[in-house]
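# A closer look at the structure
Here are the chains, one letter per residue:
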Amino acid sequence: MAMKRMYINGKWVEAKSNEKREIINPFNQEVIETVPRGSREDTKEAIQAARSAFDEGVWGSLTAAERGDLLFQVAQKIKEYKQELAELESLNTGKTLTESLADMDGIAGVFQYYAGLADKDGGLMIESPNPNSVSRVVREPVGVCGLIAPWNYPLLQASWKLAPALAAGNTVVLKPAEITPLTSIKMCEIFEEVGFPKGVVNLVLGPGSTVGSELAENPLVDLISFTGGGEAGRHIMKAASGNFKKISMELGGKNPNIVFADADFDTAVDYALNAVFFHAGQVCSAGARLLVEKKIHDRFVEAIVERTRKINIGSGFNEATEMGPVISAEHLESIEQYIQLGIQEGATLVVGGKRPTAPELQKGYFIEPTIFTNCHTKMRIVQEESFGPVITVETFETEEEAVRLANDSLYGLAGAVWTNDMNCAERIVKKLRMGTVWINDFHPYFPQAPWGGYKQSGIGRELSHVGLEEYTEIKHIYMNTNPEPMHWFKEENAKVELV
Ligand SMILES: NC(=O)c1ccc[n+]([C@@H]2O[C@H](COP(=O)([O-])OP(=O)(O)OC[C@H]3O[C@@H](n4cnc5c(N)ncnc54)[C@H](O)[C@@H]3O)[C@@H](O)[C@H]2O)c1
Ligand SMILES: C[N+](C)(C)CC=O
């Protein structure tokens, strides 16, 4: 297969070092593609291209409506290439094709949303306290944005950054996760096809420790938008402090799914599975902490265990598959270590916990959907992100206890409450320290609503008009409409001799 390349200053290029990386299919460990492995040197070149494109006004000289029009064309192209993009995403991540197709709809939707929003901000007139003056506030692009994306939703998370950054008039350097670059490469082909000026969008492939670090450190970069884990997030914050870059961070979560006894039982059971086994639990907002009211605990666990045993594991390209492999051998081992930790900590493993034995799954990075009961918030299996298909079950007896357990986390990304008592739901929602709370649902997100976390789940928000504002600077413009001398320093004063 032809080697896919990086996109820098409107050209498809190889790494200066000529280093390469093989991209692996997590279903069977086969090599899907070979891509360049970029370095700091390649990243510096991409940053310089984005800097020049920004400073020379290549992108900023277009009207906001013209930028919106190009973004709209990108949305159309994503729809046109939906099948190809979805297949690439499933090959690279192992997620089911149904999930990838839904991701592509979401990605087209994000570009469409920001295409529409690009020319909607007309600034703000301020009531000036001074006579004969006009005071107004405008938003302007920040400049060069470094966009760092994770492997679990490679193109979706990249699109949440690309679309608002470009709509606001910035130029960008995108760095996908090293192991999942394929849809980002295709995405840059789309930018080229619809006629983005050179240097506006750049793509560098390579490791976080070099390409990502360079983006975070380089003084020519004005903003870093990062989605990933806390450890990398801390490195980036430190590195970005050199020139006080603006930063936005979408980090991890250990998200509570709270089920009250009066909830619709079958629906809550169904969603409890979807909350965490979707994409094999590799979702920042996965409902990995199930909190069940004590009086329905046994019946609820019995029901989810029974349903879990029936989950079809397999190739993402098989229509019957409900859960694919996890992303890599390294990640599989990390999930297994968390399962062992849960056992050592005294949680009860009631289903799953091991690699499936089916012969056709032996080459893939598969792990069975897993449920632990008898869990409590002191356990690391409850507190830390295994980022795999693992549920921990805790119980509560009162609303206060449910809230206390749910909030007992370093994270604050998302959570859900299941009840038919809307007064109870509203009381709980008010007390949950999370960026998103669902009532009688789990997982919905869409471009119109902000996404992001409290506490150690992040800084700032993506999506919605707030997600656009993250990529802007605010400028106050003040005009004196009748300038006259002030005479603060009086012309007629005798000069005081300085001693
Ligand atoms: N809050 C959200 O919306 C959201 C969405 C998706 C994923 N996540 C989180 O992402 C994590 C999983 O993704 P991951 O394993 O790809 O995360 P990761 O932190 O390992 O990597 C994310 C990206 O950062 C880069 N990177 C790593 N170290 C870096 C460094 N020192 N400097 C600069 N860049 C660096 C990686 O190459 C990759 O592109 C989970 O914690 C998950 O919860 C959060
Ligand atoms: C933000 N989301 C839910 C699309 C992916 C999180 O991993």
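Residues numbered from 1 in each chain as written. Chains lettered and ligands numbered in written order. Predicted model: local features only at pLDDT ≥ 70, side-chain atom pairs only at ≥ 80, totals over all residues. Heavy atoms only, no water.

### Here we look at the layout of surface pockets
- Computed from the structure, the second largest pocket encloses a volume of approximately 440 Å³.
- Listed by contribution, the elements that provide at least two residues to the lining of the second largest pocket are α2 (64-80), β6 (133-141) and α15 (464-469).
- For the lining of the second largest pocket, the leading source of residues is β6, giving four residues.
- Looking at the lining of the second largest pocket residue by residue, the class counts come to eight nonpolar, six polar and six charged. (1 Å grid on protein atoms, 1.4 Å probe; cavity = no way out; pocket = protein on both sides within 12 Å on 5 of 7 lines; lining within 4 Å. Points joined across faces, edges and corners; volume = space filled by probe spheres on them. Helix = DSSP H or I, 4+ residues; strand = E, 2+ residues; numbered from the N terminus. Nonpolar A, V, L, I, M, F, W, Y, C, P; charged D, E, K, R; others polar.)

### Quick word on the site of ligand 1
- Of all residues adjacent to ligand 1, which total 27 residues, the nearest are A149, W151, G229, L251 and E385.
- In the environment of ligand 1, an oxygen atom lies 3.3 Å from a nitrogen or oxygen atom belonging to the backbone of G228.
- Here ligand 1, which alone exposes 840 Å², has 86% of that area covered by the protein.
- At the level of elements, α7 (208-217), β10 (223-227) and α8 (230-240) are the ones that each hand at least two residues to the shell around ligand 1.
- Considered class by class, the residues forming the shell around ligand 1 number 14 nonpolar, 10 polar and three charged. (Near = heavy atom within 4 Å. Polar contact = N/O pair within 3.5 Å; in protein donor to acceptor, adjacent residues only side chain to side chain. Areas by Shrake-Rupley, 256 points an atom, 1.4 Å probe, with all protein chains shown as cover.)

### Focus: the UniProt feature "domain: Aldehyde dehydrogenase" (unreviewed entry) in the protein
- Using the residue numbers shown here, the UniProt feature "domain: Aldehyde dehydrogenase" (unreviewed entry) corresponds to residues 12-477.
- Counting secondary structure, residues 12-477 comes out at 40% helix and 20% strand; the distance between its end C-alpha atoms is 41 Å. (UniProt positions renumbered as here; feature names shortened; annotations may be inferred.)

### What to know about a nonpolar patch on the surface
- Judged by side-chain polarity, M486, W488 and F489 come together as a nonpolar surface patch covering roughly 510 Å² of accessible area.
- If you trace the backbone, M486 turns up in the segment after β22 (472-480).
- Judged by relative accessible area, M486 falls into the exposed class, the value being 69%. (Patch = residues over 30% accessible without salt bridge, like charges linked within 9 Å, V, L, I, M, F, W, Y side chains within 5 Å. Salt bridge = Lys/Arg side-chain N within 4 Å of Asp/Glu carboxyl O. Buried < 20%, exposed > 50% of the residue type's maximum accessible area, 1.4 Å probe, protein only.)

### Side note on the pattern of salt bridges
- Counting across every chain of the model gives 28 salt bridges.
- A salt bridge links R21 to E178; the shortest N-O distance between them is 3.3 Å. Of this pair, R21 sits in strand β3 (residues 20-24) while E178 is found in the loop between β8 (171-175) and α6 (182-194), placing the two residues 157 residues apart along the sequence.
- Accessibility expressed as a relative area gives 25% for R21, which makes it partly exposed.

### A closer look at the site of ligand 2
- Looking at ligand 2, the residues that line it are N152, Y153, L156, Q157, W160, V283, C284, S285, Y445 and W451.
- Between ligand 2 and N152 there is a distance of 2.8 Å, counted from an oxygen atom to a side-chain nitrogen or oxygen.
- Residue C284 places a main-chain N or O atom 2.7 Å away from an oxygen atom belonging to ligand 2.
- The fraction of the free accessible surface of ligand 2 (250 Å²) that becomes covered by protein chains is 98%.

### A word on the packing of aromatic side chains
- If you walk through the whole model with that rule in mind, you get 15 aromatic pairs.
- Taken together, a centroid distance of 6.2 Å and an interplanar angle of 70 degrees make the contact between W160 and W451 edge-to-face. With W160 in helix α5 (residues 154-167) and W451 in the loop between β19 (436-439) and β20 (454-455), this residue pair connects regions lying 291 residues apart in the sequence. You'll find W160 and W451 in the same group, each marked buried.
- Taken together, a centroid distance of 5.0 Å and an interplanar angle of 55 degrees make the contact between Y271 and W418 tilted. Within this pair, whereas Y271 is found in helix α9 (residues 265-277), its partner W418 is found in strand β18 (residues 414-418), the two being separated by 147 residues in sequence.
- Accessibility expressed as a relative area gives 26% for Y271, which makes it partly exposed.
- Classification of W418 as buried rests on a relative accessible area of 2%.
- Aromatic rings pair up to connect W160, W438, F442, Y445 and W451 into one cluster. (Phe/Tyr/Trp six-rings, centres within 6.5 Å; stacked < 30°, edge-to-face > 60°.)

### Side note on the pairing of β3
- Across five bridges, β3 lies against strand β4 (residues 31-36) in antiparallel orientation. Opposite K20, over in β4, you have P36 as the bridge partner.
- In this structure, the hairpin formed by β3 and β4 is closed by a connection of six residues, where Q29 is found at a positive phi of approximately 65 degrees. (Pairing = 2+ DSSP bridges.)

### Structural notes on the sheet that holds strand β16 (residues 390-396)
- What the seven strands build is an open sheet, ordered β14-β15-β16-β13-β12-β18-β19; its pairing is mixed. Since the sheet does not close on itself, it has two edges, and those belong to β14 (348-351) and β19, each with one partner. Going from strand to strand, the sheet's axes swing by 25 degrees on average, the running direction of each strand aside.
- Bridge analysis of β18 against β19 gives four bridges, and the strand direction is parallel. (Axes fitted to C-alpha atoms, helices over the stretch in contact; angles between N-to-C directions.)

### Looking at helix α13 (residues 399-407)
- Within the sequence span of α13, burial applies to E399, A402, V403, L405, A406 and N407.
- The inward-facing, buried residues of α13 contact β12 (256-259), β13 (289-293), β16, α14 (422-431) and β20. (Contact = heavy atoms within 4.5 Å.)

### Considering the UniProt feature "coiled-coil region" (unreviewed entry) in the protein
- In the numbering used here, UniProt assigns the feature "coiled-coil region" (unreviewed entry) to residues 71-98.
- Taken end to end, residues 71-98 is 86% helix and 0% strand, and its two terminal C-alpha atoms sit 25 Å from one another.

### Section: the environment of I313
- The residue I313 is located in the loop between α10 (297-309) and α11 (329-344) in this model.
- With 11 residues separating them along the chain, I313 and G324 place their C-alpha atoms 5.8 Å apart.
- Look past the residues within four positions of I313 in its chain and what remains in contact with it is T321, M323, L361, F366, I367, E368 and P369.

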